[in-house]
Amino acid sequence: PARRRLAGWRAGLAYAFVVLILLLVLTPHFGILLLSVSKVWSFSMLPEGYTLAHYATVLSDSSRMIGNTLLYCGLAAGIDVVLGTAIAYLLLRTRLPGRQWLDWGASAALAIPGIVLAIGFYAAYTTKPLLLYGTAWILILAFATRFLPIAYSNSDAALRSINPELEDAARILGASRLLALRRVVVPLLRRGLAGAFILVFIPALGTFLISDLLGGPDSQLIGNVIERQFKSANNLPLGAAMSFI
């Protein structure tokens, strides 16, 4: 399509529209930012005093929680990228019998509400020999299971964009399937895999139900700590500072 460069009042009108939309979208974020730097804020349009002490407290006292959250969500995203890419490759590049079941299995978590999935994990992993309740492993497995469909669909779309003849050419020239996969397919998939990782990592950061039910009452994930902070009016600025970080 042809593109036009706007000028004069047309450009001003376009920018005004964009700024209005951005203000509507970002207003909650501005509110969290103001709350995180407020000393006292009640019954007024703006805080009555400002401080950065809440950020200092969060960074000194909650560094372990932030580290745990990044580690667990990062591991879950990495697992999903590997599994999602493997499933997509088996479906698109092989004639494995019953491979359609992989497609259905990888997408099944989309049809299950998060709370139902969490209860299922709770029932499965609170008895021996799979006693994982309250550990990091059950959280990583739950996050990976919950968001596998996202990684799989993204990897599938990325793999479909690669012409299979490129891999066939490498095979004809003597490369094994594994070598062709490592030297031809994976480099071409890097952007798609990075996108899949981000699309799993970000929603996993904000998943409260699963970590609430499976991490125990004293879960040290940042989402659960924010939730506990917001239950107390005195801790609202701390919760806001952690949220903004």
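Since the structure is predicted, the reported quantities are computational estimates derived from the model, not experimental observations. (Residues numbered from 1 in each chain as written. Predicted model: local features only at pLDDT ≥ 70, side-chain atom pairs only at ≥ 80, totals over all residues. Heavy atoms only, no water.)

### A closer look at the confidence of the model for the protein chain
Taken over all residues, the pLDDT of the protein chain has a mean of 87, while the share at 70 or more is 99%. In the model of the protein chain, helix α9 (residues 209-215) stands out as the element of lowest mean pLDDT, 76, in contrast to helix α1 (residues 9-36), which has the highest, 93. (pLDDT = per-residue confidence, 0-100. Helix = DSSP H or I, 4+ residues; strand = E, 2+ residues; numbered from the N terminus.)

### Observations concerning the pattern of salt bridges
If you walk through the whole model with that rule in mind, you get two salt bridges. Between R160 and D156 there is a salt bridge, with the nearest N and O atoms lying 2.7 Å from each other. Taken as a pair, R160 and D156 lie in helix α6 (residues 136-160) at a separation of four residues, close to a single helical turn. (Salt bridge = Lys/Arg side-chain N within 4 Å of Asp/Glu carboxyl O.)

### Overview of the environment of T135
Structurally, the position occupied by T135 is in the loop between α5 (114-124) and α6. For T135, a relative accessible area of 28% translates into the label partly exposed. At 2.5 Å, the side chain of T135 forms a polar contact with the backbone oxygen of L132. (Buried < 20%, exposed > 50% of the residue type's maximum accessible area, 1.4 Å probe, protein only. Polar contact = N/O pair within 3.5 Å; in protein donor to acceptor, adjacent residues only side chain to side chain.)

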